[in-house]
Amino acid sequence: MAERMAFLTTPRAERERRDARERLGDWREVYRPGALLPVVGGQAARCMDCGLPFCHAACPLGNLVPEWNRLAADGDWRAAAARLLATNNFPEFTGRLCPAPCESACVLAIDGAAVTIKNVELAIADRAWEEGWDGPLPPERRGAVRRVAVIGSGPAGLAAAQQLTRAGHATTVYERADRPGGLLRYGIPPFRLEKHRLDRRLDQLRAEGTEFRTGVWAGRDVTGERLRAEYDAVVVAVGAAAWREPAVPGLRLPGVHPALEYLTWANRVDEGDLAASPLSAEGRRVVIVGGGDTAADCLGTALRQGAAAVTQLDINPCPPQGRAPEQPWPVHPKVYRETTSHEESGAVAAGPGPSGAESGPSAADGRVFEAVTVGFEPGPDGRLAVVRLASCEADDRSPRAGTERVLPAQLALLALGFTGPEPDQPLFAQLGLGLGPEGALERDDGFGTAVDGVFVAGDAGRGQSLIVWAIAEGRAAAAAVDRYLRGRTELPAPVRASARTLTL
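Residues numbered from 1 in each chain as written. Predicted model: local features only at pLDDT ≥ 70, side-chain atom pairs only at ≥ 80, totals over all residues. Heavy atoms only, no water.

Caption draft 1: Quick look at the overall build of the protein. For the protein, the helix and strand inventory stands at 19 helices and 15 strands. Relative to the globule expectation of 23 Å for 504 residues, the C-alpha radius of gyration of the protein, 23 Å, shows essentially globular dimensions. In terms of overall dimensions, the protein has a C-alpha envelope of 70 × 60 × 45 Å along the principal axes. With 504 residues in all, the protein has 55% of them scored as buried. Expressed as a percentage of contacts within the protein between residues at least 6 apart in sequence, the contacts between residues at least 24 apart total 68%. Of the roughly 20,900 Å² of accessible surface on the protein, a fraction of 51% belongs to carbon and sulfur atoms. Between the averaged position of the 57 positive side-chain charges in the protein and that of its 64 negative side-chain charges there is a distance of 3 Å. (Helix = DSSP H or I, 4+ residues; strand = E, 2+ residues; numbered from the N terminus. Rg over C-alpha atoms; globule rule 2.2 N^0.38 Å. Buried < 20%, exposed > 50% of the residue type's maximum accessible area, 1.4 Å probe, protein only. Contact = heavy atoms within 4.5 Å. Areas by Shrake-Rupley, 256 points an atom, 1.4 Å probe, with all protein chains shown as cover. Lys, Arg positive; Asp, Glu negative; His and termini not counted. Charge placed at Lys NZ, Arg CZ, Asp CG, Glu CD.)

So this is what it looks like as structure tokens:
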């Protein structure tokens, strides 16, 4: 049995990563292979099994964190995996990609270091795959089979499809790309999620009975009217791919590209579709406009492609190292965080390693905070040559007088986030769906729309959010569809459409 008071005696430890310079030489996962978090040795045992676990409230999936922490700490990995999989369809994704608001809400985080919930989750998820505990669960079909179409194969669409298939419905997923996975496939770099993990999960869905139709653009290749005629229910889970654009001169210059376009090409190279990306950063000075996870993914990708220099512009002030008074526990605070990509950038800036050999680009300019982009300017060849920026005012983020300067650049990547689904999709008009004032598809609190039998899940209805919210919405939307089709449901519904992140 694990020590019950380990939170008083055992310090927090993170899963071991490979050396930053080593990582820049390949596209493999940043974690050291086989270096599982020493769960039994103490990390899961640090969970104090508090009487009111705020990690539940912070996680939209309602993960049973104290339960699987205790089981893992006691060495009962199989039971821990069962608890984890009871609430999360894809813990190997969230364990790698989620920013872990559950850790911010951990009771230990009130005045100390939170339990490494995310790392423990990942260790359990990977162990479940290794031991064969996370196998296909095909349904025992009873009664009439209803047909459901899911539009989109990102985490929300996949979660909805898996839940509906397991409930006994004949579920077909439509994906306009050549491979399923959505942003998991083409938006997340392989050093954060190796694609064999996604393919493994997709194989599981197929083994359970979910059908995938790729290269089919709903609304063009198959109309909304046809979908409604051929299926008993339709779930729209197309994500939020409408990217924010800065209203500045030079936005359409060659060399200025949306971050997702850049990441998609890089992922296609990893998939073996291309020998090299047409937007490769190799030998170029790169400026990334944006301060979020997508910007960090662009940074890590550009470093691996051999950029001459990379600068990331963040319009926000540099966050504090600890919680600000206006962001107290248990909310997920905006604090200074160094991603693995920033760690790699720092390694580049520090110069060659002990061997004296350079690894990655020759220079890395790092992050510039409180920087607003003023415009993009061409060189003699008409392509991007300069990014003009300025320091910004704190109140309205306008350029501060007298602070304008330029950065030479041959590639600028716009990572300013997304507003909602692409508004010009013909599917929406065909299904009679409308966009709300913030750009997301309109729906009721039960994920239904004004159109009978049509539901909306994930970022398409919520707006840009986290993978854990997408999975939670997919599960909840599946429960709503099941209830619509059968008049009742036993599927879990972890969130309502109106639910929001824990805030004060």
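We are not done yet, so read on.
Caption draft 2: Spotlight on the sheet that holds strand S10 (residues 371-378). With antiparallel pairing, 3 strands are arranged side by side in an open sheet as S10-S11-S12. Of all strands in the sheet, those with a lone pairing partner are S10 and strand S12 (405-408), marking the two edges. Strand-to-strand, the axes of this sheet are offset by a mean angle of 30 degrees, without reference to chain direction. Direction of pairing for S10 relative to strand S11 (residues 384-391): antiparallel, over a ladder of 7 bridges. Paired with Pro-378 across the strands is Leu-384, a residue of S11. (Pairing = 2+ DSSP bridges. Axes fitted to C-alpha atoms, helices over the stretch in contact; angles between N-to-C directions.)

Caption draft 3: Fine view of the environment of Asp-482. Looking at the secondary structure, you find Asp-482 in helix H19 (residues 467-486). Residue classification places Asp-482 among the buried residues on the basis of a relative accessible area of 0%. Between the C-alpha atoms of Asp-482 and Ala-167, which are 315 residues apart in sequence, the distance is 7.7 Å. If near-sequence neighbours (up to four positions away) are discounted, Asp-482 is found in contact with Leu-164, Ala-167, His-169, Gly-487, Arg-488, Thr-489, Glu-490 and Leu-491.

Caption draft 4: Region of the structure containing the sheet that holds strand S6 (residues 256-258). The sheet built from 5 strands is open, its strands ordered S6-S13-S7-S8-S9 with parallel pairing. The open sheet terminates on both sides in strands that have one partner only, identified here as S6 and strand S9 (366-369). In this sheet, neighbouring strand axes are inclined to one another by 20 degrees on average, regardless of whether the strands run parallel or antiparallel. Of the strand pairs in this sheet, strand S7 (residues 285-289) and strand S13 (residues 411-414) are connected by 4 bridges, and their pairing is parallel. Bridged to Val-289 within S13 is Leu-414. Each of S6 and S13 touches helix H14 (residues 259-271); the most contacted strand, S6, lies at about 80 degrees to it.

Caption draft 5: Seen up close, the nonpolar core. Ranked by internal contacts, the top residues of the largest apolar core, which has 40 residues, are Val-148, Leu-158, Leu-184, Val-235 and Val-481. If you tally residues by element for this core, the top one is H19, at 12 residues. (Core = buried A, V, L, I, M, F, W, Y, C linked by side-chain atoms within 4.5 Å.)

Caption draft 6: The side chain of His-169, seen in detail. Position of His-169 among the secondary structure elements: in the loop between helix H10 (155-166) and strand S2 (170-175). For His-169, a relative accessible area of 3% gives the class buried. Side chain to side chain, His-169 and Asp-482 meet in a polar contact 2.6 Å long. Among all residues touching His-169, those that are not within four sequence positions of it are Arg-141, Val-145, Arg-146, Val-148, Leu-164, Asp-482, Leu-485 and Arg-486. (Polar contact = N/O pair within 3.5 Å; in protein donor to acceptor, adjacent residues only side chain to side chain.)

Caption draft 7: Focus on the environment of Gly-487. With respect to the helices and strands, Gly-487 occurs in the segment after H19. The exposure class of Gly-487 is exposed, given its relative accessible area of 59%. Remark: the alpha-carbon pair of Gly-487 and Thr-264, spanning 223 residues in sequence, is separated by 41 Å.

Caption draft 8: Molecular detail of the pairing of S7. Summarising burial for S7: 4 of the 5 residues are buried, a large majority. Alignment of S7 against strand S8 (residues 309-314), held across 5 bridges, turns out to be parallel. Looking at S8, one finds that Val-289 is bridged to Leu-313. Read as a crossover between parallel neighbours, the route from S7 over helix H15 (residues 293-305) to S8 is right-handed. (Right-handed = clockwise from strand over helix to strand, strands pointing away.)

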